[in-house]
Amino acid sequence: MSEQEIHPEIVEQRVYDLSRIGQVGETGVTRTVYSPEWVAAQDQLESWMQAAGLETRRDAVGNLWGVAKGTEPGPSIVSGSHVDSQAPGGRFDGALGIIAALTATEALLKQHGQPRRTIEVVSLCEEEGSRFSTAGFWGSRAILGLISPEDLATTNSFDGETIGEVMRGIGLDPTRIPDAKRVDIDIFIELHIEQGPVLELKRMPVGIVTAITGYRHYVVEVSGWANHAGAFPMKYRRDPMAAAAEMITGVIQNAIDMGEPAVTTVGRLAIEPNYPAIIPERVTFMIDARHPDPALREQLYEQHEKLVYEIADRRRLNVDLHINRDLAPRPCDPGIVDLLDQAATDLDIPHMRLTSGAVHDTQRFAQIAQTAMIFVQSKAGRSHTPEEFTSTEHATLGIKVLTESLRRLAY
Ligand SMILES: [Zn+2]
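Now for a description of the structure that goes with this document. (Residues numbered from 1 in each chain as written. Predicted model: local features only at pLDDT ≥ 70, side-chain atom pairs only at ≥ 80, totals over all residues. Heavy atoms only, no water.)

1. Focus: the overall build of the protein
Item 1. Scanning the protein for helices and strands turns up twelve helices and 17 strands.
Item 2. Against the globule reference of 22 Å for 411 residues, the protein gives a C-alpha radius of gyration of 23 Å, in line with a compact fold.
Item 3. Viewed in the frame of its principal axes, the protein has a C-alpha envelope of about 80 × 45 × 40 Å.
Item 4. Counting the 411 residues in the protein, one finds 55% classified as buried.
Item 5. Contacts in the protein between residues far apart in sequence, at least 24 positions, make up 78% of those at least 6 positions apart.
Item 6. Summed over all atoms, the accessible surface of the protein reaches about 17,400 Å², with 50% contributed by carbon and sulfur. (Helix = DSSP H or I, 4+ residues; strand = E, 2+ residues; numbered from the N terminus. Rg over C-alpha atoms; globule rule 2.2 N^0.38 Å. Buried < 20%, exposed > 50% of the residue type's maximum accessible area, 1.4 Å probe, protein only. Contact = heavy atoms within 4.5 Å. Areas by Shrake-Rupley, 256 points an atom, 1.4 Å probe, with all protein chains shown as cover.)

Have a look at this one:
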């Protein structure tokens, strides 16, 4: 097996150059969808794609595609990630996956010429929901044909603009969104930073993802009686704060008791009224609960719901618990997972299998294609922050696994 040449200095330079577009501070990046920085980043990537010998095009939502046409007809093998960022995020989330796909395909074209099967590099327009809270996965949703006219009306930016008017502002026609749909993608492979500490803790540069977590967001609203903090005796109170505290501790403990990779987070809490000398009337919080295994996920949710109702009942409080987001977990394709694993083994690149606790575009593509992911180490597990860091060495090892895997699939 001839190993494909991936030059670390080119990888590093591309990460650096892309991070200058929307740069915040030393290492931060703010590149929200359809912003001037986003436009500039897609232009930069397009010129790199063209220089690498790829034929480029933009679809109706602004996803950028670079195509290396195969000698045989048939559906495509696609690799890439998202170009948008948190506000601010770091240099690697999303960006590294596009650079990886581009660098891998460029190396293959250079060393082996035209592939047998078509390879496409994609820079997806939006994944993070960092400008329009409900736009999340806008790029992959368009490719799957999952954006409805209603979504266009209800997807508003934090500044109050509709996504349709923002699209028009940069020359995209929202009525053409259905044209972005693809039915000819056979395989989708995404390289991404891990965004967690597992690879670093295990001293592994590369991870092969076996499944991507499913998640659910619950909104829990506990209501009781607002009263004077001094005059009202403890035993007569109906205090939603005491209940919320018990519920929050309880759901977190449920995830601990279930064991890894179950996780549960309460990251948002609203208290009404929010004053030191009033027993609150209402406490609202959100539970984010995740598990990559479909059956265990259901079990975790059942435990959470049971606990919330039991505590509200015992404390004589009203509780309203509803689900406002739910995404099913997606196992990666076992055949592609094996192929990535074997490629890493044959290249002598230390690697391990793991599940993804973050959601990714790959999850969406799983509805239409065989999918898999390659993770590279995130320093201290940090991401969605300018502190996010992946070494060039680890990034390059991940790209080598991707390149070899694409070679085995497409040549
Ligand atoms: Zn990402």
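2. Brief notes about the packing of aromatic side chains
Item 1. In the structure shown here, the tally under the stated rule is four aromatic pairs.
Item 2. For the pair Tyr34 and Trp38, a centre-to-centre distance of 5.1 Å together with 75 degrees between the ring planes defines the contact as edge-to-face.
Item 3. Ring plane angle 10 degrees and centroid distance 3.9 Å describe the contact between Phe188 and Phe365, whose orientation is recorded as stacked. Taken together, the residues Phe188 in strand E7 (residues 185-193) and Phe365 in helix H11 (residues 361-365) connect sequence positions 177 residues apart. Of the two residues, Phe188 and Phe365, both sit in the buried class. (Phe/Tyr/Trp six-rings, centres within 6.5 Å; stacked < 30°, edge-to-face > 60°.)

3. Digging into the side chain of His217
Item 1. The residue His217 is located in strand E9 (residues 214-223) in this model.
Item 2. Of the polar contacts made by the side chain of His217, one reaches the side chain of Asp288; its length is 2.8 Å. (Polar contact = N/O pair within 3.5 Å; in protein donor to acceptor, adjacent residues only side chain to side chain.)

4. Thoughts on unusual backbone geometry
Item 1. Cis rather than trans, the peptide bond between Glu260 and Pro261 has omega equal to 0 degrees.
Item 2. Looking at the secondary structure, you find Pro261 in the loop between helix H8 (240-258) and strand E11 (263-272).
Item 3. With an omega of -15 degrees, the peptide bond running from Glu272 to Pro273 counts as cis.
Item 4. Note that Pro273 resides in the loop between E11 and strand E12 (278-279).
Item 5. Here Tyr34, not a glycine, exhibits a phi torsion of approximately 65 degrees, which is positive.
Item 6. One can find Tyr34 in the loop between strand E2 (28-29) and helix H2 (36-51).
Item 7. Phi angles above zero are rare outside glycine, and His384 is one such case at about 60 degrees.

5. With respect to the packing of H8 against helix H9 (residues 294-314)
Item 1. The geometry of H8 relative to H9 is characterised by a closest axis approach of 10 Å and an angle of 155 degrees between their N-to-C directions. With respect to their mutual orientation, H8 and H9 come out roughly antiparallel. Crossing hand, H8 versus H9: right-handed. Across the interface between the two elements, Ala243, Glu246, Met247, Gly250, Val251, Asn254, Ala255 and Met258 from H8 touch Leu296, Gln299, Leu300, Gln303, His304, Leu307, Val308, Ile311, Ala312 and Arg314 from H9.
Item 2. The class makeup of the residues in the contact of H8 with H9 is eleven nonpolar, five polar and two charged. (Axes fitted to C-alpha atoms, helices over the stretch in contact; angles between N-to-C directions. Parallel < 35°, antiparallel > 145°, perpendicular 65-115°, else oblique. Left-handed = near helix turned anticlockwise from the far one by under 90°. Nonpolar A, V, L, I, M, F, W, Y, C, P; charged D, E, K, R; others polar.)

Interpretation note: all reported values are geometric properties and have no functional meaning in isolation.
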